[in-house]
Amino acid sequence: MTSPETACIIRARGLSKQYGNARVVNALNMNVHAGDIYGFVGRNGAGKSTTMKLICGLTRASEGELQVLGHDLARWAGPTGVGSLIEAPGLLEKASALDNLLYKAYALGIEQPRPKCEELLKLVGLSNTGTKQARNFSLGMKQRLGIALALVGEPKLLLLDEPFNGLDPAATHEMREALQKLNKEQGLTIVVSSHVLDQLNRFATRFGVIDAGTMVVEFDAEHMNEMAAGYIRVRCTDMAKAAQTLAAALPEAQITSANDGALLLPGTEGNLGKVSFALYNANLQVLELVRTQHDIEEFFLELMGKPSNS
């Protein structure tokens, strides 16, 4: 269920970021609600990492509005309450896992941080690394330590950019369960970008799809499952009239748009008949009316306007 806008942890309107002549984020609108595990999906170069950097204050927007945890980031200079792991984790290579966490905790002014840091290491599966230096960790171990670092200080919002990189299936499963536990027991709102769509589908509660720096669509997990399992594509000569007609004929159906402008509806047998009947009664010229069944990856590729290999 969509939360009211007042419950937004992240609210972006017309958000843009330009580097030279390249507009990496382009008039992006984004809504992340309290308690979401928000799956942020897009191809390489779509603008996911830059958007996350904007949210956690690592860079400033060129245009637009951005509110995070109730603060307008263009005017806010205090603590953001955001933990993040974006691109590579920033580790002290010659320090142990525990010392890495302790140094950050001391910098944040956390009193008696050792028990909390030890608990974080246990959470990410690094409690037995002892004095081993971070430079000798595997890629997966460094990734887990980066997540633990992001959790130091008990943030209210956690941003994770490709957190499953370097993790084997068992470690991925453990990490996913740990994040779900934090979300349910501590109310932590989490934004996760990942190319591993199957993993996102296992635990994300809402999704946002970005393409060429612009948000294509946002929807909840229930809608995603309906659409990925089967959906109806509709294109007519008058798309505005088609959208109005179908919204009136199928008020319970969530209608979204693919990047090529086609309308997408949950593809039940009953809906197919209702769509056809409604378009016929509205005297609309139909260019495309097809019911498809795609897997999750194909569904997201469709939204991003990229043809699948099948």
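Details of the structure are given in the entry above.
Worth saying up front: this structure is predicted, and the values here are computed from it rather than measured.

In this structure, the largest pocket spans a volume of roughly 530 Å³. If you list the elements that add at least two residues to the lining of the largest pocket, you get α3 (114-123) and α5 (169-186).

This paragraph deals with the environment of Pro 113. As for its position among the elements, Pro 113 is in the loop between α2 (97-107) and α3. Measuring from C-alpha to C-alpha, the distance between Pro 113 and Leu 102 comes to 6.7 Å, with 11 residues separating the pair along the chain. Ignoring sequence-local partners within four residues, the contact set of Pro 113 consists of Leu 102, Ala 105 and Tyr 106.

A separate point is the sheet that holds strand β4 (residues 63-68). The four strands lie next to each other as β2-β1-β4-β5, forming an open sheet whose pairing is antiparallel. Two strands bound the open sheet, and with one partner strand each, they are β2 (22-33) and β5 (71-72). As judged from the eight bridges shared by strand β1 (residues 8-19) and β2, these two strands associate in the antiparallel manner. Opposite Tyr 19, over in β2, you have Ala 22 as the bridge partner. Helix-sheet contacts for helix α1 (residues 48-55) involve β1, β2 and β4, and the interaxial angle to β2 is about 65 degrees.

Our focus in this paragraph is the sheet that holds strand β13 (residues 263-266). Across the sheet, four strands lie side by side as β12-β13-β11-β14; this open sheet has antiparallel pairing. Each edge of the sheet is formed by a strand with only one pairing partner; in this case those strands are β12 (256-257) and β14 (286-292). Sheet topology places strand β11 (residues 231-236) next to β13; four bridges connect them, and they run antiparallel. Looking at β13, one finds that Val 234 is bridged to Leu 263.

Using the criterion set out here, one finds nine salt bridges in the structure. The shortest N-O distance in the salt bridge between Arg 206 and Asp 36 comes to 3.2 Å. Taken together, the residues span a long stretch of sequence, with Arg 206 in strand β9 (residues 206-211) and Asp 36 in the loop between β2 and β3 (37-41) at a distance of 170 residues. Of the residues examined, Arg 206 reaches a relative accessible area of 8% and is grouped as buried. Shared partners join several salt bridges into a network, and the residues in it are Arg 233, Arg 235, Asp 260 and Glu 288.

Analysis parameters
- Residues numbered from 1 in each chain as written.
- Predicted model: local features only at pLDDT ≥ 70, side-chain atom pairs only at ≥ 80, totals over all residues.
- Heavy atoms only, no water.
- 1 Å grid on protein atoms, 1.4 Å probe; cavity = no way out; pocket = protein on both sides within 12 Å on 5 of 7 lines; lining within 4 Å.
- Points joined across faces, edges and corners; volume = space filled by probe spheres on them.
- Helix = DSSP H or I, 4+ residues; strand = E, 2+ residues; numbered from the N terminus.
- Contact = heavy atoms within 4.5 Å.
- Pairing = 2+ DSSP bridges.
- Axes fitted to C-alpha atoms, helices over the stretch in contact; angles between N-to-C directions.
- Salt bridge = Lys/Arg side-chain N within 4 Å of Asp/Glu carboxyl O.
- Buried < 20%, exposed > 50% of the residue type's maximum accessible area, 1.4 Å probe, protein only.

In short, the description is geometric, and any link to function would need to be established separately.
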